[in-house]
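# Descriptive structure summary
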2 protein chains.
Amino acid sequence: MKKPNVVILGAGYGGLMTTVRLQKLVGVNEANITLVNKNDYHYETTWLHEASAGTLHHDRVRYPISDVINRSKVNFIQDTVVKILPDEKKVLMKNGELTYDYLVVALGFESETFGIKGLKEYAFSISNVDSARQIREHIEYQFATYNAEEEKKDERLTIVVGGAGFTGIEFLGELVNRMPQLCREYDIDPHKVRIICVEAAPTALPGFDPELVEYAVSQLERKGVEFKIGTAIKECTPDGIIVAKGDDVEEIKAGTVVWAAGVRGSRVIDESGFEAMRGRVKVDPFLRVPGHEEIFIIGDCSLVINEETNRPYPPTAQIAIQQGELCAKNLAALIRGQGELEPFKPDIKGTVCSLGHDDAIGVVFGKKMWGTKASFMKKMVDNRALYLIGGSSLVMKKGKFKFF
Amino acid sequence: MKKPNVVILGAGYGGLMTTVRLQKLVGVNEANITLVNKNDYHYETTWLHEASAGTLHHDRVRYPISDVINRSKVNFIQDTVVKILPDEKKVLMKNGELTYDYLVVALGFESETFGIKGLKEYAFSISNVDSARQIREHIEYQFATYNAEEEKKDERLTIVVGGAGFTGIEFLGELVNRMPQLCREYDIDPHKVRIICVEAAPTALPGFDPELVEYAVSQLERKGVEFKIGTAIKECTPDGIIVAKGDDVEEIKAGTVVWAAGVRGSRVIDESGFEAMRGRVKVDPFLRVPGHEEIFIIGDCSLVINEETNRPYPPTAQIAIQQGELCAKNLAALIRGQGELEPFKPDIKGTVCSLGHDDAIGVVFGKKMWGTKASFMKKMVDNRALYLIGGSSLVMKKGKFKFF
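Reading guide: rules and limits
- Residues numbered from 1 in each chain as written.
- Chains lettered and ligands numbered in written order.
- Predicted model: local features only at pLDDT ≥ 70, side-chain atom pairs only at ≥ 80, totals over all residues.
- Heavy atoms only, no water.
- Salt bridge = Lys/Arg side-chain N within 4 Å of Asp/Glu carboxyl O.
- Helix = DSSP H or I, 4+ residues; strand = E, 2+ residues; numbered from the N terminus.
- Buried < 20%, exposed > 50% of the residue type's maximum accessible area, 1.4 Å probe, protein only.
- Contact = heavy atoms within 4.5 Å.
- Axes fitted to C-alpha atoms, helices over the stretch in contact; angles between N-to-C directions.
- Left-handed = near helix turned anticlockwise from the far one by under 90°.
- UniProt positions renumbered as here; feature names shortened; annotations may be inferred.
- Disulfide = S-S within 2.5 Å.
- Least-squares fit on C-alpha atoms with pLDDT ≥ 70 in both.
- Buried area = accessible area lost by both parts, 1.4 Å probe.
- Pairing = 2+ DSSP bridges.
- Right-handed = clockwise from strand over helix to strand, strands pointing away.
- Domains from an automatic or database assignment.
- 1 Å grid on protein atoms, 1.4 Å probe; cavity = no way out; pocket = protein on both sides within 12 Å on 5 of 7 lines; lining within 4 Å.
- Points joined across faces, edges and corners; volume = space filled by probe spheres on them.
- Core = buried A, V, L, I, M, F, W, Y, C linked by side-chain atoms within 4.5 Å.
- Phe/Tyr/Trp six-rings, centres within 6.5 Å; stacked < 30°, edge-to-face > 60°.
- Lys NZ or Arg CZ within 6 Å of the ring centre and 35° of its normal.
- Expected span 1.5 Å × (residues − 1).
- Polar contact = N/O pair within 3.5 Å; in protein donor to acceptor, adjacent residues only side chain to side chain.

## Digging into the pattern of salt bridges
Summed over the entire model, instances satisfying the criterion amount to 64 salt bridges over all chains. Notably, a salt bridge pairs Arg133(B) with Asp187(A), separated by 3.0 Å at the nearest N-O pair. With Arg133(B) in helix α4 (residues 129-148) and Asp187(A) in the loop between α5 (166-185) and β13 (194-199), the pair connects residues from two separate chains. Exposure remark for Arg133(B): the relative accessible area of 1% places this residue in the buried category.

This is the structure we're talking about:
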């Protein structure tokens, strides 16, 4: 009997979780498992704001994929996926192609600029290790240039963060913590630095408990962040941004603009002709593409409706990991011809949003928390992701233990 | 009797040496001594190539002026000198003015681009702590950007050094040593990096012993430097440089261009109406401005003729320090009305040019040397400058002791 080809695209939370669980569930002779990823490393997407601000080195947020996969069961191919041909059961990559019997699409997110002029050209986004490292270096270069120029341009020391959602707030928390060190390093008067957060919605962290939002905003303001809530970015230019609040239009000059207000699923989804909303496919209860039962889509490219609110779950690591776990289980059943699949039921344990390494807000198991307690919980969440994929040895290597 | 006002402009090798010697030679009641400097720190100009390459942190190449001056005898003013009015015995600064009875001008060097188009706008120069730090950050930003861009621009990884003189060669030595670390940090294939040195003269290190020059060039070539000797930079553009060798004109695309082929004395010299060649004043045997016996000019703004060769001594730290020592002695004599001044006689002990922290070439007390021996000697030279200005405690704090 022919062994089925299982191809997993992407080694983020969803894809890597699927791989490490599947390699435990099936034997060498039961399936050919192939994992495809652009890089030879996995990175903690939820830690990228730290690498971007420079509070955590980018090598601390990634680890080699070879550390967690079993090479006797999984073939790893380092390549970039270009397109999926569902009818031919083929995956086209930059440097080759693959055929599959079962496909897991876990290609993650991309930045979404909603067509706002200039954002793609002039703003940075916290998308991956490369872009995070570039943001860190860009800010440092702006600070280094300030004193080297005869004519001082104060706007070099202005950083605009577009969006006061989860990523924006967490990035701000790291940024304000980094500033004293950055100002010392580059002989900058801290009073010259401006950190501005622009959010179009009427509140920061929409959907979060209002009391916790107030705590987060006041903590960040105390550390120097200027919030412009209910204010939309109209355009990004080489010199900064143009914002509007009602009829009031204002230009903010800034050496660095980081866009943290929009994500979408991978463009490979659109390229491949799947029916999708911003690169997210509404999957069936078993996480499969309607009409293509052999294709599973998990993580940020999948769209799962929360039946309580009738709105999609936001794309999070928590959900991607749970989808990966289930996907591996269902794949193992299919490989063995045990047709009965299990439907996906997200188990949302809570949400914690960090405000730097020493502060956070969160709701965990329905309980509100903030300050050091929430911060401790955040690090536990971070370590848990490592544990689920790489076990305790990975936690020892890459985990966060500086609690206070 | 009125105490004379002694004003010293610049806290580089010459000015700071004058200050620390003078404060030892005269009593509190004998003179008002004022030191003016742009920054509140002194930096080791001869170590800036290390800070520029990123092999030595810029805080290791500087120390607070307050660490070495005696505040009961010396007033320190942090300000930028704009112009000297010799006839009014006045110094104009950005934020004030000073009158003097004796003036020591030790304002150091600036980069000289000889009118080559675009160099001032698009090339960096190793001139001070600010510019060195900016070069380091610029190179890092180019490397960080390389992988973050979808379309790879290999020229981001090309660094052009204009000039194979002392500074150019020493900078190249550090740069090639830094590359492996830099490539690891930014996930760059080392084979993609190009380091190109362009020199208009028919040899690298003109004036140096040819055997040592050959050693230096072959050591740097072995580590990856491409030399283009007898090749002139015609223009610097935002994309790189245009060079010519005879009739052959070539464009070299480069993300970083560092101009290390020309220095001149401070522009304050020209502003103040002194007769000068590229900001260097041909001083009398006592280091005074002809026609203004109360003004001493030392260091890179002074021009002293070597009577053996009938050519000016090159501006070096060695000479600046010796001029500062003599200037302090002569000032003390003048303050006390002991009219007899001592003429300046340079005592050139030798020259050592480093090729990274672990290699060098040099001629010391007439003896040629290279490799670890020369490298050891270079560090002794570096430590000696610290010792002469700040004594053994400064050597312990800032000295170089990693010999092998």
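## Quick word on the environment of Glu235(A)
Residue and element names in this part refer to chain A. One can find Glu-235 in strand β15 (residues 232-237). Overall, Glu-235 belongs to the partly exposed group, its relative accessible area being 23%. With sequence-adjacent residues up to four places away left out, Glu-235 is seen in contact with Ile-116, Lys-117, Gly-240, Ile-241 and Ile-242.

## Section: the packing of helix α1 (residues 13-25) of chain A against helix α8 (residues 317-335) of chain A
Residue and element names in this part refer to chain A. With their axes 7 Å apart at the nearest point, α1 and α8 run at an angle of 35 degrees to one another. Every pair of crossing elements has a handedness; the one defined by α1 and α8 is right-handed. Residues Tyr-13, Gly-14, Met-17, Thr-18, Arg-21, Leu-22 and Leu-25 of α1 form the contact with α8, whose participating residues are Ala-317, Ala-320, Ile-321, Gly-324, Glu-325, Cys-327, Ala-328, Lys-329, Leu-331, Ala-332 and Ile-335.

## Points about the UniProt feature "domain: FAD/NAD(P)-binding" (unreviewed entry) in chain A
Mapped onto this numbering, the UniProt entry annotates "domain: FAD/NAD(P)-binding" (unreviewed entry) at residues 5-324 of chain A. Regarding residues 5-324 of chain A, the helix share stands at 28% and the strand share at 32%, and the terminal C-alpha atoms are separated by 18 Å.

## A few points about the state of the cysteines
Summed over all chains, the structure comprises 0 disulfides over all chains. Free cysteine Cys236(A): the closest other cysteine sulfur is in Cys197(A), separated by 15 Å.

## What to know about the relation of the copies chain A and chain B
Placing chain A over chain B gives an RMSD of 0.0 Å and needs a rotation angle of 180 degrees, together with 0.0 Å of translation along the axis. The transformation just described matches what one would write down for a two-fold rotation axis. When the interface residues of chain A are mapped onto chain B, 100% of them again fall at the interface, so both copies present the same face.

## A closer look at the interface of chain A and chain B
Where interface size is quoted, it is often the accessible area lost as the parts come together. At the junction of the two partners, chain A supplies 21 residues and chain B supplies 21 residues. Across the chain A/chain B interface, buried area totals approximately 1800 Å², and carbon plus sulfur atoms make up 41% of it. The salt bridge partner of Glu185(A) is Arg136(B), with a shortest N-O separation of 3.1 Å.

## Here we look at the pairing of strand β1 (residues 5-9) of chain A
Residue and element names in this part refer to chain A. Counting buried positions along β1 yields 4 of 5 residues, so the element is predominantly enclosed. Here 5 bridges tie β1 to strand β2 (residues 32-37), and the two strands are oriented parallel to one another. Its bridge partner lying in β2, Ile-8 is registered against Leu-35. Considered for its hand, the β-α-β crossover made up of β1, α1 and β2 is right-handed. As paired strands, β1 and strand β9 (residues 102-105) are joined by 4 bridges and run parallel to one another. By the bridge assignment for β9, Leu-9 is matched with Val-105.

## Here's the deal with the sheet that holds strand β12 (residues 158-162) of chain B
Residue and element names in this part refer to chain B. Read from one edge to the other, the open sheet built from 5 strands follows the order β11-β18-β12-β13-β14, with strand pairing classed as parallel. Edge positions in the sheet fall to β11 (124-125) and β14 (225-229), since each of these pairs with one other strand and no more. The pairing of strand β13 (residues 194-199) with β14 spans 5 bridges and is classified as parallel. Across the sheet, Cys-197 pairs through a bridge with Phe-227, a residue of β14.

## Some thoughts on the domain arrangement of chain A
Residues and elements named next belong to chain A. Taken as a whole, chain A is organised into domain 1 (5-111 + 263-348), domain 2 (119-259) and domain 3 (349-404). Computed over C-alpha atoms, the centres of domain 1 and domain 2 are 32 Å apart. Contact with domain 1, which involves 17 residues of that partner, is made by 16 residues of domain 2. Summed over both sides, the interface of domain 1 with domain 2 buries roughly 1500 Å², with 59% coming from carbon and sulfur. When the buried area of domain 1 at its contact with domain 2 is split by residue, His-49, Ser-52 and His-58 rank highest and sum to 35% of it.

## A word on empty space enclosed by the protein
Residues and elements named next belong to chain B. Counted under the stated rule, the structure contains 4 cavities of 30 Å³ or more. Estimates place the volume of the largest cavity at around 70 Å³. Lining the largest cavity are Arg-280, Gly-299, Ser-302, Val-304, Tyr-313, Pro-314, Pro-315, Thr-316, Ile-319, Ala-320, Gln-323 and Phe-344. For the lining of the largest cavity, the element with the highest residue contribution is helix α8 (residues 317-335), accounting for 3 residues.

## Focus on unusual backbone geometry
Residues and elements named next belong to chain B. Although it is not a glycine, Asp-187 adopts a positive phi angle of roughly 55 degrees. Residue classification places Asp-187 among the partly exposed positions, given a relative accessible area of 32%. Residue Arg-278 is not a glycine yet carries a positive backbone phi of 45 degrees. Topologically, Arg-278 is positioned in the loop between α7 (267-271) and β20 (281-282). Judged by its relative accessible area of 48%, Arg-278 is partly exposed.

## Observations concerning the nonpolar core
Leu22(A), Phe143(A), Ile169(A), Leu22(B), Phe143(B) and Ile169(B) are the most contacted members of the largest nonpolar core, which has 226 residues in total. Leu22(A) has contacts with Val6(A), Ile8(A), Ile33(A), Ala328(A), Leu331(A), Ala332(A) and Ile335(A), leaving out every residue within four places of it along the chain.

## Quick look at the packing of aromatic side chains
Taken as a whole, this structure holds 7 aromatic pairs over all chains when the rule is applied. Taking the centre distance of 6.3 Å and the plane angle of 55 degrees together, the rings of Tyr41(A) and Tyr43(A) count as tilted. Take Tyr41(A) and Tyr43(A): they sit in the same class, and that class is buried. Sitting over the ring of Tyr41(B), Arg62(B) keeps its end group 4.6 Å from the ring centre. One residue, Lys400(B), lies across the ring of Trp47(B), its end atom 4.0 Å from the ring centre.

## Looking at the pairing of strand β16 (residues 240-245) of chain B
Residue and element names in this part refer to chain B. Where strand β15 (residues 232-237) meets β16, 5 bridges bridge the pair, whose relative direction is antiparallel. Note on β16: the bridge partner recorded for Ala-232 is Ala-244. Counted between consecutive antiparallel strands, the loop separating β15 from β16 contains 2 residues. In the sheet, β16 pairs with strand β17 (residues 248-253) via 6 bridges, with the strands oriented antiparallel. Across the sheet, Val-243 pairs through a bridge with Glu-250, a residue of β17. Connecting β16 to the next strand, β17, in antiparallel fashion are 2 residues, including Gly-246 with a positive phi near 60 degrees.

## Quick look at α4(B)
One turn of the α-helix equals 3.6 residues, which is why residues spaced by three or four share an orientation. Residues and elements named next belong to chain B. Its 20 residues place the ends of α4 29 Å apart at the C-alpha level, agreeing with the 28 Å of an ideal helix rising 1.5 Å per residue. Most of α4 sits out of view: 19 of its 20 residues are buried. Its side-chain oxygen at 3.1 Å from the backbone nitrogen of Asp-130, Asn-128 defines the N-terminal cap of α4.

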